[in-house]
Amino acid sequence: MRTPRNIFLSIIAISAALSFGNFRVEAAEGAFPDATEASAATALNEIPFHKGVNINAWFDRSTSKVTHGKIKGSELDNLKRLGMDVVRLPINFHSNVGEGPDFKLDETYLEYLDKAVERITSRGLWVILDHHSMSVEDFPSYGEELITSCCSQLALRYKGNDRVMLEIYNEPFSNYLKNNWSDMQGRIIKAVRGCNSDMIMIVTGWGGKLENLQALPDYNDSRLIYTFHYYEPYIFTHQGAYWDENTVKLSDYPFPYDEARMPEIHPDWAKEPYFTYLYDSYTEMATVGKIHQDIKAIADWANKSGKPVFCGEFGALNTSGPADRYRWYKAVADALNDNNIPWTLWQYNDDLPVNFSIFKDGKNYSTLDTELMAALGVTVPDDFSPDALYLIGDGVPSGWEASTPMTKIGKGIYQYSGVLKVGNFNIFTDDPRDTDDWKSNIIGLESAQTIDYNGVSDSRINLYATALNGDCYYKVKQTGYYNVVVDLVNNTISTEIGRMYINGMPTDWNFVAMESEGDRVFSYKGSFDKAGQSFGFLLMPEWNNAYKISTNIGKDYEFGLGDYTEKLEYGSGFSIKNAKPGHYVLRVDLKNLTFSTTTYNPDPIEALYVKCGEAYNQMDRQNDGKYTWTGSLNGDFVITPDKKEYPCYMPLADTEYVSDTGLADSKMLFNTASSNDVNNKWRADNPAGKYTVNVDPSAMTVNVDVKISSGVEQVSVSDDTSPVEYYDLFGRKVLNPGSGVYIRVHKGVASKIIL
């Protein structure tokens, strides 16, 4: 692909014999004899790669405009996940070479190129170094000399790297090259082969055209691959191309040809016979059959001549209709695949809105055009995303000296669980320490976001694939142990405190990690053997005023055996104490900023008793760990784990009455001794009633069902289809019940209801 270019360009020049530096160019006469070193190399029986992509706008420019870390390791990993095994890398000689006769390539440019080659080949990908300079005015003066020198330098530099291939020239153009390219290419092959006998070289016909490939002579070199480009029909693939004054006028051309959808010829084209010919021939050129015919012809030639052939470029601009574009890609890919011709698609990505990119926005993997991939026969993995994300900055323990990876925990979902410190950090899709690129592939928003124990100030994220200003970072307000989750599927980020610590008298002044109950709730179970044991909560296992969570800052706060809930504040100078000895569950809720306490029984429960008066009534243990008992109650009662008064379960209130309708989810406290001076009781005052007491020790709750002795128990219903009947509390049948409390009987079941 040559952009910008004019497809009707012609330059008239003369040929000359040249001698320079260590390379000598001689006039060609017919076929080319075997190179001395090439004869010892292993013949290339088949092309070692299958499909890949052109990554342009990277090294096809001057050194000052090359960002060697532009394409990240994760992007190359994703190409492999798509089943691609080769990268065609356009490079620029003319903008990065010194004066003749040496024509030495810029060393900084080469060092950048080395890093890119290493990044590509270390993943098992092949790389084609494609000489993609656009200059044609150098011929016949010194163009051949320059290309030969540059190709030879690369051949020497990458000698021994068997995954690096060299493409001598992309789409050689101009009238001079049209008449001289075949022989010139032969001389360049001989010069390069003298430097590197093993390197695979890729050769092409004039203009990169399919039909010109077949006109090349036999170069007598067994490690050559023959390449062509395919953009037919050109007025479909390049309609709207901004760099060509002729194609920029075209739009709405369908594929395949559809008379009903065919636009009128552009007025400017109607004035030119050649353009009129292109328009009139569209009906034959824009068909699936014609594409298959073209590709089949080059495949037949390759099979007959024994020349390995691959398609170095094909593509259609995104200015065509999406459905038409996908149909064109499918036709070309099917033809290439059916004929076992490897290919490299043009192009990977592009920042410009008009492009050939495999991404819908032209930029990054998160917007991969999956419909295009389907048309190409490429399977997109379910989890098409980087292996890791990276945190870097003084807000993470590693600081700026090293990157901290986030672990991939699902499809496009990453988590970091660890310390965040007061400071700032960035999130990258690739390690900037490796790529030396600190402004690309950054995750966040254009303005800085705050992280503290309340979470992150904005859960939205963007992926900035190109350079971004310095405000895309996260500012940590409170040091702590955090769980950070980045979701690239839904473009969100969430953070929450991952750990809390208690420190004080109950822990012998040790920092003890509290148990996480999820959703920023942390708990601690412990025994307080005496009153007034002070303690506090901290985000980190260190005494630092900035990271304590407290209530009633600067004052003591005491809690008793009952359930307590108080608001929390962030700060220092606190003291929280228990008012009575006991076994406590302490909870910190950072979501609602509350501190709460409950009591519990720390010992295994062998039995439970309903103690009413002097009687201890043993309860029945159920399979789910709950207890139940049915019997008569008259007066105060508590629940005990043994046949003794203390320790015992009590209600939170001094006296909690069991009403005629029973008691639902009454919260219990656990009192260890009479010395606590807590004498709370449940009270059942109906001597004629029978009660079913249900206890859930784990939830610390009591439920009481009441059964009234009123004669209603004798009511029986033999017919399940009988109507509903109502009785008052004295057992008298009520025909038209009004508001009040009744016994309802239906299908043999009696229940108390309120109307």
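Note that the structure is predicted; figures quoted are calculated from it, not measured.

Digging into the nonpolar core
Soluble, globular proteins show a tendency: their nonpolar side chains are buried together. In this structure, Leu 129, Phe 228 and Phe 314 are the most contacted members of the largest nonpolar core, which totals 101 residues. Listed in part, the 49 residues of the second largest apolar core include Leu 420, Phe 425, Tyr 453 and Val 476.

A word on unusual backbone geometry
The linkage connecting Gly 100 with the following residue, Pro 101, adopts the cis geometry, with an omega of 10 degrees. Looking at the secondary structure, you find Pro 101 in the loop between β4 (86-91) and α2 (107-121). In this structure, Gln 347 follows Trp 346 across a cis peptide bond, with omega equal to 15 degrees. For Gln 347, the location among the structural elements is in the loop between β10 (343-345) and α12 (370-376).

Considerations on the pairing of strand β34 (residues 609-612)
In β34, alternate side chains face the same way, and those of Tyr 609 and Lys 611 on one face and Val 610 and Cys 612 on the other are all buried. Across four bridges, β34 lies against strand β35 (residues 615-618) in antiparallel orientation. For Val 610, the partnering residue across the bridge sits in β35 and is Asn 617. Between β34 and β35, which pair antiparallel in sequence order, lie two residues; one of them, Gly 613, sits at a positive phi of approximately 65 degrees. Pairing of β34 with strand β38 (residues 635-640), which is carried by four bridges, proceeds in the antiparallel orientation. Counterpart to Val 610 in the pairing with β38 is Ile 639.

Description of the sheet that holds strand β29 (residues 564-567)
Hydrogen bonds along the backbone pair up the strands of a sheet, which may run parallel or antiparallel. Pairing within the open sheet is antiparallel, and its five strands lie in the order β24-β25-β32-β33-β29. Two strands lie at the open edges of the sheet, namely β24 (515-518) and β29, each paired on one side alone. For this sheet, the mean inter-axis angle between neighbouring strands, taken without regard to orientation, is 25 degrees. With three bridges joining them, β24 and strand β25 (residues 521-528) adopt antiparallel strand pairing.

Here we look at the confidence of the model for the protein
A low pLDDT means the predicted coordinates there should not be read in detail. Per-residue pLDDT for the protein averages 86, and the proportion of residues at 70 or more is 86%. When the criterion is pLDDT under 50, residues 3-39 qualifies, and its contacts beyond four places in sequence or with other chains add up to 77 contacts. Contacts from residues 710-720, a stretch scored under 50 in pLDDT, to residues over four places away or in other chains number 16 contacts.

Some words on a nonpolar patch on the surface
A contiguous nonpolar patch, built from Tyr 242, Val 248 and Leu 352 and spanning about 270 Å² of accessible area, is present on the exposed surface. Turning to its location among the elements, Leu 352 is positioned in the loop between β10 and α12.

Regarding the packing of aromatic side chains
All told, the structure shown has 33 aromatic pairs when counted by the stated rule. Three or more aromatic residues link up through ring pairs in this structure, and these residues are Phe 528, Phe 535, Phe 537, Phe 559, Tyr 584 and Phe 595. A cation sits over an aromatic face here: Lys 178 above Trp 206, 5.1 Å from the ring centre. It is Lys 525 that lies over the ring of Tyr 600; its NZ or CZ is 5.0 Å from the centre.

Notes on the packing of helix α10 (residues 288-305) against helix α11 (residues 322-338)
Direction vectors running N to C along α10 and α11 enclose 30 degrees, while the axes themselves pass 9 Å from each other. Of the possible angle classes, the one that applies to α10 and α11 is roughly parallel. You can see that α10 and α11 cross each other, and the crossing is right-handed. Between α10 and α11, the contacting residues are Val 288, Ile 291, His 292 and Ile 295 on the first element and Trp 328, Ala 331, Val 332, Asp 334, Ala 335, Leu 336 and Asp 338 on the second. Its residues assigned to classes, the contact of α10 with α11 comprises eight nonpolar, one polar and two charged.

A closer look at the side chain of Ser 523
Counting through the fold element by element, Ser 523 comes out in strand β25. Side-chain polar atoms of Ser 523 contact the side chain of Glu 517, separated by 2.8 Å. When near neighbours in sequence (up to four residues on either side) are disregarded, Ser 523 contacts Met 514, Glu 515, Glu 517, Val 585, Leu 586 and Arg 587.

Considerations on the pairing of strand β32 (residues 582-589)
Judged by how many residues are buried, β32 sits mostly within the fold: seven of eight residues are covered. Both β25 and β32 contribute to a ladder of eight bridges, which runs antiparallel. Bridging from a neighbouring strand, Phe 528 pairs with Gly 582 of β32. Across six bridges, the pairing between β32 and strand β33 (residues 594-599) is antiparallel. In the strand pairing of β33, Asp 589 is matched with Thr 594. Hairpin connection from β32 to β33: four residues lie between these consecutive antiparallel strands, with Leu 593 at a positive phi of about 50 degrees.

Quick notes on the pattern of salt bridges
Enumeration according to the criterion identifies 20 salt bridges in this entry. We note a salt bridge from Arg 193 to Asp 221, for which the minimum N-O separation is 2.8 Å. Of this pair, Arg 193 sits in helix α4 (residues 175-193) while Asp 221 is found in the loop between α5 (210-213) and β8 (224-230), placing the two residues 28 residues apart along the sequence. For the pair Arg 193 and Asp 221, one class covers both residues: buried. Here Asp 369 ties to Arg 325 by a salt bridge, and the two come within 4.0 Å at their closest N and O atoms. Pair noted here: Asp 369 is in the loop between β10 and α12 and Arg 325 is in helix α11, with a separation of 44 residues, a long-range link.

Rules behind the numbers
- Residues numbered from 1 in each chain as written.
- Predicted model: local features only at pLDDT ≥ 70, side-chain atom pairs only at ≥ 80, totals over all residues.
- Heavy atoms only, no water.
- Core = buried A, V, L, I, M, F, W, Y, C linked by side-chain atoms within 4.5 Å.
- Buried < 20%, exposed > 50% of the residue type's maximum accessible area, 1.4 Å probe, protein only.
- Helix = DSSP H or I, 4+ residues; strand = E, 2+ residues; numbered from the N terminus.
- Pairing = 2+ DSSP bridges.
- Axes fitted to C-alpha atoms, helices over the stretch in contact; angles between N-to-C directions.
- pLDDT = per-residue confidence, 0-100.
- Contact = heavy atoms within 4.5 Å.
- Patch = residues over 30% accessible without salt bridge, like charges linked within 9 Å, V, L, I, M, F, W, Y side chains within 5 Å.
- Areas by Shrake-Rupley, 256 points an atom, 1.4 Å probe, with all protein chains shown as cover.
- Salt bridge = Lys/Arg side-chain N within 4 Å of Asp/Glu carboxyl O.
- Phe/Tyr/Trp six-rings, centres within 6.5 Å; stacked < 30°, edge-to-face > 60°.
- Lys NZ or Arg CZ within 6 Å of the ring centre and 35° of its normal.
- Parallel < 35°, antiparallel > 145°, perpendicular 65-115°, else oblique.
- Left-handed = near helix turned anticlockwise from the far one by under 90°.
- Nonpolar A, V, L, I, M, F, W, Y, C, P; charged D, E, K, R; others polar.
- Polar contact = N/O pair within 3.5 Å; in protein donor to acceptor, adjacent residues only side chain to side chain.

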